[in-house]
Amino acid sequence: MTAATTAALTATTLDVRGVSMRFGGVLALDDVTFTARTGEVLGVMGPNGAGKTTLFNVISGVQRPTAGTVSLGGVPLTGCPVDRVASLGVTRTFQTPVMFWGLTVRESIAVALAAREFGGSYPPPPLRALLPAGFGTPGRRRADAVLNDRADALLASAGLAHMGDRATESLAFGEERLLELARALAVEPVVLLLDEPLSGLNPDEVADVLTLVRAARTAGVAVLLVEHAVGELLSVADRVVVLDHGRKIAEGTPSDVAADPIVIDAYIGDELE
Amino acid sequence: MSFAPQNAYGRVALIVLAVVAAAVWFLPAYYTGLLTLIGIYSLVTIGLNLFMGYAGQVSLGQAAFVGIGAYTSAVLAVYLHVTPWLGAAGGAAVAALVAYVLSFVALRLRENLLALATLALGIVINVVFNEWEFIGGSSGFKDIPGFKLGAFTFDPRAYAILSWALVAVGIWFAGNLVRSSFGRTLIAISAGELGAQALGVDAEKLKRQTFVLSAVYAGIAGAVYASYQSYIDPSSFGFLLSVNFVLMSVIGGLRSLWGAVIGAAIVVALGQILQAVVPVVLPSARGDFQQFFLGAVLIAILILLPRGLAGRVSEGGRA
């Protein structure tokens, strides 16, 4: 990689350009353009139905946009399936946490680490994973033990060391959110999309999540944060993009956006409806 | 790598194998035959459990892969005089290849549609068995050579031991697999496919590898079946056999490897009992009527023990 492309990668990580998404007669996203940079928390605000989750679905590859492009450091993501987008460095969490029932907390993290072990994509060809695992080769056993240790280290750094042995079925809602976030961070993403990570959490858990978000930012991750708790969002975001009816109506620092009459109108209008 | 089995599955399987190897010297031939059949079916069901129980998918066409293994080994032995030992490897390879190719169609589908697709594939493959004169068409394949070890040609006892030796290897391999990062990732896609994909897991590729592996288990089992019976025809590998494999999986407990063996034993035993009892109780009932009772037993087990008979036995923790 040349110095120029490295610079481009660090300057602009995620590039969303002219993205529209139409469902039948509804335009859920209308020509949305913005960028997210490494090491920033980009808040995505907007009243209900503004298109925030659709935007995340488009970026993460769950849905293909009707028009426009999404790229990461110049590499196009548009039309890539979710796992390919993830292996290129964009991962996400969900409004309702997706848990791997049947696994423990440690094992859930280790799943993320296994993908990481093979360059961000799992499974590799059978000769590299399935057959060594089935024959129980010492190399594979050691590698799995290392994944377990690294999972424990990650859990400890997220303040979840005590949870490692618990079955994911036994977690409370707030713990599910924290595990999902820790799992997403385990793949060392370039871009992390968090879809309402604070909803349903008690104040302590909110603080825990925000600590993890800030730590990810420090580590150079571009964090996109959709959140209904506007106060918390404005407090943690470096910049904010505001959507309303699928359109970007404002973009700027939290204080600029909070004072923007168009934004205030959109929110008040929403409450009056 | 040491030769000693490194997981509990392997150790228990060795004990089971030893028991079978001892028992065949005392059991009447009828029971030795049932043991062999249970071993062959267990092998198929262990593979199917990886795909259904762990990866959370469904296959209603597994009998077709058993048939492919059987026919491949039979063709190699009869036409090319290839030893069944190599024939079994060839059967596994052809079954794997067919599963690999079919997976590009089938594995794009989910749940009910995947079930329908695998059902259709099984039926289509059975039609090929029926229509292809080279492999005997509807009248099947006769005089399939048996397994040999030096000058010794396998007798029914040896087939019982062989099939359970394969069960031991199969359960050891599967046991290693489900406890590895590979097995965990299977459980992850079964519980939350999109969540796993968001971590970089290529769910389709993972299912494909597991589907192909299940076909390898079925193909080997089919090759042993062909030599053991010395005669095969298309009806040996029809839709009802596929359904029975699913019954074995579910009755034993989907996310349980020993459950596969227990399920195979129960279905085979139940089939024998019904074959004896149904004609006495209902003289007008025809052969397939026992399938009705198997279905009734399945429904009862699903209601009473949703995780199967082995569901409560701790195998790998929270299965």
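Heads up: the structure comes first, above all this text.
These numbers come from a predicted model, not from an experiment.

(A) Highlighting the environment of Pro145(B). Residues and elements named next belong to chain B. Note on placement: Pro145 falls in the loop between helix 5 (111-131) and strand 1 (148-149). Here Pro145 falls in the partly exposed class, since its relative accessible area comes to 31%. The spacing of Pro145 and Ser73 is 72 residues in sequence and 9.5 Å in space, taken between C-alpha atoms. Residue contacts for Pro145: discarding those within four places in its chain leaves Ala77, Val78, Pro84 and Ser227.

(B) Molecular detail of the packing of helix 2 (residues 29-54) of chain B against helix 9 (residues 203-229) of chain B. Contact pair helix 2 of chain B / helix 9 of chain B: the axes reach a minimum separation of 7 Å and the direction vectors enclose 170°. With respect to helix 9 of chain B, the axis of helix 2 of chain B lies roughly antiparallel.

(C) Summary view of the interface of chain B and chain A. If you look at the interface, chain B gives 30 residues, while chain A gives 45 residues. Both faces combined, the contact of chain B with chain A buries some 3200 Å², and carbon together with sulfur accounts for 64% of it. Along the contact surface separating chain B from chain A lie zero salt bridges. Counting across the interface, chain B meets chain A through ten residue pairs in polar contact (both at pLDDT 80 or more).

(D) The arrangement of the packing of helix 3 (residues 62-80) of chain B against helix 10 (residues 239-252) of chain B in detail. All names here are of chain B. Following both chains from N to C, one finds helix 3 and helix 10 inclined at 115°, their axes separated by 7 Å at the closest point. As judged from the angle between their axes, helix 3 and helix 10 are roughly perpendicular. On helix 10, the residues touching Gln62, Ala63, Ala64 and Val66 of helix 3 are Leu241, Ser242 and Phe245.

(E) Here's a closer look at the sheet that holds strand 4 (residues 67-72) of chain A. Taken in spatial order, the four strands line up as 2-1-4-5 (chain A) in an open sheet, and their pairing is antiparallel. In this open sheet, the two edge strands, each paired with only one partner strand, are strand 2 (26-36) and strand 5 (75-76) of chain A.

What counts, and where the lines are drawn
Residues numbered from 1 in each chain as written. Chains lettered and ligands numbered in written order. Predicted model: local features only at pLDDT ≥ 70, side-chain atom pairs only at ≥ 80, totals over all residues. Heavy atoms only, no water. Helix = DSSP H or I, 4+ residues; strand = E, 2+ residues; numbered from the N terminus. Buried < 20%, exposed > 50% of the residue type's maximum accessible area, 1.4 Å probe, protein only. Contact = heavy atoms within 4.5 Å. Axes fitted to C-alpha atoms, helices over the stretch in contact; angles between N-to-C directions. Parallel < 35°, antiparallel > 145°, perpendicular 65-115°, else oblique. Buried area = accessible area lost by both parts, 1.4 Å probe. Salt bridge = Lys/Arg side-chain N within 4 Å of Asp/Glu carboxyl O. Polar contact = N/O pair within 3.5 Å; in protein donor to acceptor, adjacent residues only side chain to side chain. Pairing = 2+ DSSP bridges.

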